[in-house]
Amino acid sequence: MSRAVRVVWDDALVTYDFGPGHPLAPVRVELTMALAREMGVLDTVETTGCVPATDDEIALVHKRDYIEAVKTVSRDGRPDLRYGLGTEDNPAFAGVHEASALVTGATLAAARAVWEGAAEHAVNVAGGLHHAMPGAASGFCVYNDPAVAIAWLLSHGASRVAYVDVDVHHGDGVQAAFHDDPRVLTISLHESPRTLFPGTGFPHETGAEGTAVNVALPAGCGDAGWLRAFHAVVPPLLRHFRPQVLVTQQGCDSHALDPLAHLMLSLDGQRTTYAALHRLAHETAGGRWIALGGGGYELVQVVPRAWTHLIAEAAGSPVDPGTVTPEDWRTYVTERTGEIPPLRMTDGRHPQWRDFSEGYDPADAVDRAVVATRKAVFPFHGLDPMP
């Protein structure tokens, strides 16, 4: 067992549940942990439990009246639309505060382990609820656990934290929390807000000192374009910023099968991203890496495989993509969901991309998106926006 990598998990994390038919079904993390366990991935890490975040910890980001509103809804499940509780995206349910506080507590446990040196990397696949605002629920998110963890790191002495969000949706809540704080670099790669919720994340949203970075990619973008954009923006900024900790939100809803969005990545493209972020954590942040889950609404074919690859990558023991999924897991999936599970840990793709340094094509929508971002933020950091 490696004590350098910690996975935070408690079976009660599946109580973050908006009810039957809601896209954010907790079975996705249940199946993820089952697959990681069956494949022996969890044998290579230290798995630890967690406790709910306290009100004071949640209040590092969220307003006190909002926390009290969530607790009131939690007691009887009655909506409070003033705070976004009881909408179609965020249905009210009894126990919502306790469930949300536990997700936040799991991410805080990951942050504490990394910052205090108990682990080099830490993973919470149930976290990554990046849309919640200081005073309102939004986009399936009640408490913004990534933002709370970053605020906790700052309150415990960190002076530079980088947050990289690869979810298909803009990481608007985390950006809002640190929009004008030069200690936090937020980078979000997402589908264009012209075609997808939440309608924000344009390149011109740069924060006070260029520390809010947004790459708005066109619908239909696949592995080659997405990875080209990632490598054109993320590594140069992280190398310049030199964070003390790298926090990443690993939403896998950029996959072609995801029902809520329009990007076309494969599992193999996403796995390539995990490896790149792992390398960048060591290169730019002294190895301190906190990796969180996020979106992902293809509950059987995508999420369990994607985040099992994430845990394995963090553990330094990547899973061969051609590996057959365990028979016991496939049986469990069918019994649990009635669906036919994937047979292998791959989509059979071999992602390749052309590095941005090789030239810019103004006729290419991905290249135009990259240039818009680089022109908006690179000058703040003394970097040349053009290849």
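The model shown is predicted, which means the values in this text are computed figures rather than measured ones.

Peer 1: Would you take a moment to explain the overall build of the protein for this structure?
Peer 2: Per the secondary structure count, the protein includes 11 helices and 8 strands. Relative to a compact globule of 387 residues, whose C-alpha radius of gyration would be 21 Å, the protein shows 19 Å and is just as compact. Across its three principal axes, the protein shows a C-alpha extent of roughly 55 × 50 × 40 Å. Surface summary for the protein: the accessible area is close to 13900 Å², and the carbon and sulfur share equals 51%. Computed over 29 positive and 47 negative side-chain charges, the inter-centroid distance for the protein is 4 Å.

Peer 1: So what exactly am I meant to see when it comes to unusual backbone geometry here?
Peer 2: Leaving glycine aside, a negative phi is the common case for residues, and trans is the common case for peptide bonds. Each neighbour pair has its own omega, and for Phe 197 with Pro 198 the value is 5°, a cis peptide bond. You can see Pro 198 is positioned in the loop between strand 5 (184–191) and strand 6 (212–217). Look at Phe 140: it is not a glycine, yet its phi comes out positive at around 75°. You can see Phe 140 is positioned in the loop between strand 3 (121–124) and helix 5 (145–155). Note on Phe 140: relative accessible area 11%, which makes it buried. One non-glycine residue, Arg 242, adopts positive backbone phi at about 50°. For Arg 242, a relative accessible area of 38% translates into the label partly exposed.

Peer 1: Honestly, the pairing of strand 3 in this entry has me stumped. Any pointers?
Peer 2: On any regular strand, side chains alternate: one points to one face of the sheet, the next to the other face. Side chains His 121 and Val 123 project from strand 3 onto one buried face, and the interleaved Ala 122 and Asn 124 project onto a second face that is buried too. The sheet contact formed by strand 1 (residues 5–8) and strand 3 spans 3 bridges and is parallel. Within the sheet, the bridge partner assigned to Val 5 lies in strand 3 and is His 121. Strand direction decides the pairing type here: strand 3 and strand 8 (residues 289–292), joined by 4 bridges, are parallel. Opposite His 121, over in strand 8, you have Trp 289 as the bridge partner.

Peer 1: Before we go on, may I ask you to explain the packing of helix 3 (residues 64–76) against helix 4 (residues 96–115) in this structure?
Peer 2: Relative placement of two packed helices is described by the angle separating their axes and the distance separating the axes. Two numbers describe how helix 3 lies on helix 4: the axes approach to 7 Å, and their chain directions differ by 125°. Between helix 3 and helix 4, the interaxial angle falls into the category oblique. Within the contact between the two elements, helix 3 uses Ile 67, Val 70, Lys 71, Val 73 and Ser 74 and helix 4 uses Val 96, His 97 and Glu 98. For the contact of helix 3 with helix 4, the residue count by class is 4 nonpolar, 2 polar and 2 charged.

Peer 1: Even after reading the chapter, I still don't get helix 1 (residues 27–38), so can you show me in this structure?
Peer 2: Think of an α-helix as turning once every 3.6 residues; residues three or four places apart then point the same way. Given a rise of 1.5 Å per residue, 12 residues ought to cover 16 Å, and the 16 Å separating the end C-alpha atoms of helix 1 matches this to within 8%. Burial analysis of helix 1 places 10 of its 12 residues in the buried class, the great majority of the element. The set of residues buried in helix 1 consists of Val 27, Arg 28, Val 29, Glu 30, Leu 31, Thr 32, Met 33, Ala 34, Leu 35 and Ala 36. As for helix 1, its buried residues are in contact with strand 1, helix 9 (303–314) and helix 10 (327–337). Of the residues flanking the end of helix 1, it is Gly 40, one or two places downstream, whose phi is positive at about 80°.

Peer 1: Is there a simple way to explain the state of the cysteines in this structure?
Peer 2: Two cysteines whose sulfur atoms are joined by a covalent bond form what is called a disulfide. Going through the model one piece at a time under the given rule, you end up with 0 disulfides. Cys 50 takes part in no disulfide bond, and the closest cysteine sulfur to it belongs to Cys 141, at a distance of 17 Å. Judged by its relative accessible area of 15%, Cys 50 is buried. On the basis of relative accessible area, Cys 141 is assigned to the buried category, the value being 3%.

Peer 1: What is the right way to read the pattern of salt bridges from this model?
Peer 2: Oppositely charged side chains are able to pair whenever their charged atoms sit close together. Per the stated rule, a full pass over the model turns up 13 salt bridges. Residues Asp 56 and Arg 64 are paired through a salt bridge, measuring 2.7 Å at the closest nitrogen-oxygen approach. Classification of Asp 56 by relative accessible area gives exposed; the value is 52%. Two residues, Arg 271 and Asp 268, come together in a salt bridge whose shortest N-O distance is 3.6 Å. With a gap of 3 residues between them, Arg 271 and Asp 268 both fall in helix 8 (residues 267–284), about one helical turn apart. By relative accessible area, Arg 271 is classed as partly exposed at 24%. The class of Asp 268 is buried, set by a relative accessible area of 0%. Here the residues in one salt-bridge network are Asp 55, Glu 68 and Lys 71, joined through shared partners.

Conventions adopted
Residues numbered from 1 in each chain as written. Predicted model: local features only at pLDDT ≥ 70, side-chain atom pairs only at ≥ 80, totals over all residues. Heavy atoms only, no water. Helix = DSSP H or I, 4+ residues; strand = E, 2+ residues; numbered from the N terminus. Rg over C-alpha atoms; globule rule 2.2 N^0.38 Å. Areas by Shrake-Rupley, 256 points an atom, 1.4 Å probe, with all protein chains shown as cover. Lys, Arg positive; Asp, Glu negative; His and termini not counted. Charge placed at Lys NZ, Arg CZ, Asp CG, Glu CD. Buried < 20%, exposed > 50% of the residue type's maximum accessible area, 1.4 Å probe, protein only. Pairing = 2+ DSSP bridges. Axes fitted to C-alpha atoms, helices over the stretch in contact; angles between N-to-C directions. Parallel < 35°, antiparallel > 145°, perpendicular 65-115°, else oblique. Contact = heavy atoms within 4.5 Å. Nonpolar A, V, L, I, M, F, W, Y, C, P; charged D, E, K, R; others polar. Expected span 1.5 Å × (residues − 1). Disulfide = S-S within 2.5 Å. Salt bridge = Lys/Arg side-chain N within 4 Å of Asp/Glu carboxyl O.

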